[in-house]
Amino acid sequence: MRRIIMLKKVITIEGQNSSEAKPVAMLVQVASQYESTIYLETGSKRVNAKSIMGMMTLALMEGMDIMVEADGNDETAAVSEIEKYLNNQ
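Each value, and the rule that gives it
- Residues numbered from 1 in each chain as written.
- Predicted model: local features only at pLDDT ≥ 70, side-chain atom pairs only at ≥ 80, totals over all residues.
- Heavy atoms only, no water.
- Helix = DSSP H or I, 4+ residues; strand = E, 2+ residues; numbered from the N terminus.
- Contact = heavy atoms within 4.5 Å.
- Salt bridge = Lys/Arg side-chain N within 4 Å of Asp/Glu carboxyl O.
- Buried < 20%, exposed > 50% of the residue type's maximum accessible area, 1.4 Å probe, protein only.
- Core = buried A, V, L, I, M, F, W, Y, C linked by side-chain atoms within 4.5 Å.

Q: Outline the environment of K8, listing residues and values.
A: Here K8 is to be found in strand β1 (residues 7–12). Between the C-alpha atom of K8 and that of D71, which follows or precedes it by 63 residues, the distance is 8.8 Å. Beyond its immediate stretch of four places on either side in the chain, K8 contacts M67, V68 and E69.

Q: With reference to specific residues and values, describe the pattern of salt bridges.
A: Close approach of charged atoms allows side chains of opposite charge to pair. Overall, the coordinates contain five salt bridges when judged by the stated rule. When the shortest N-O distance is used, the salt bridge between E83 and K9 registers 2.8 Å. Separated by 74 residues along the polypeptide, E83 in helix α3 (residues 75–88) and K9 in strand β1 bring together distant segments of the chain. With relative accessibility at 34%, the residue K9 sits in the partly exposed group. Close ionic contact of R46 with E41 constitutes a salt bridge, the shortest N to O distance being 4.0 Å. Bridged by salt links that share partners, the residues K8, E41, R46 and E69 form one connected network.

Q: If you had to explain the nonpolar core to someone new, which residues and values would you point to?
A: Counting residues in each nonpolar core, the largest one holds 23 residues, and the members touching the most others are I38, L40 and M55. Elements that contribute at least two residues to this core include exactly α1 (21–32), β2 (37–42), α2 (52–58), β4 (65–71) and α3. The contacts of L40, once residues within four sequence positions are left out, are L27, K45, R46, V47, A49, M55, L58, L60, I66, M67 and V68.

This is the structure we're talking about:
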């Protein structure tokens, strides 16, 4: 039976400029550790957090609010680790 629950959380990026290639690549690596499907959304853009090309299009910057959406058995851990990464990089 398919789960209907999905975790969504708005995170404010602190302490970094994530538009640079290395931080974006590291964020993709963090997301890729989880089985859950994970999307990041800002404004009208919604991209797969496991896609380096998609993530580059978001141009994440410090102070930006971003919606993290995860769906799967490890969604809570996935959102938590992405939040840690975005706030401690």
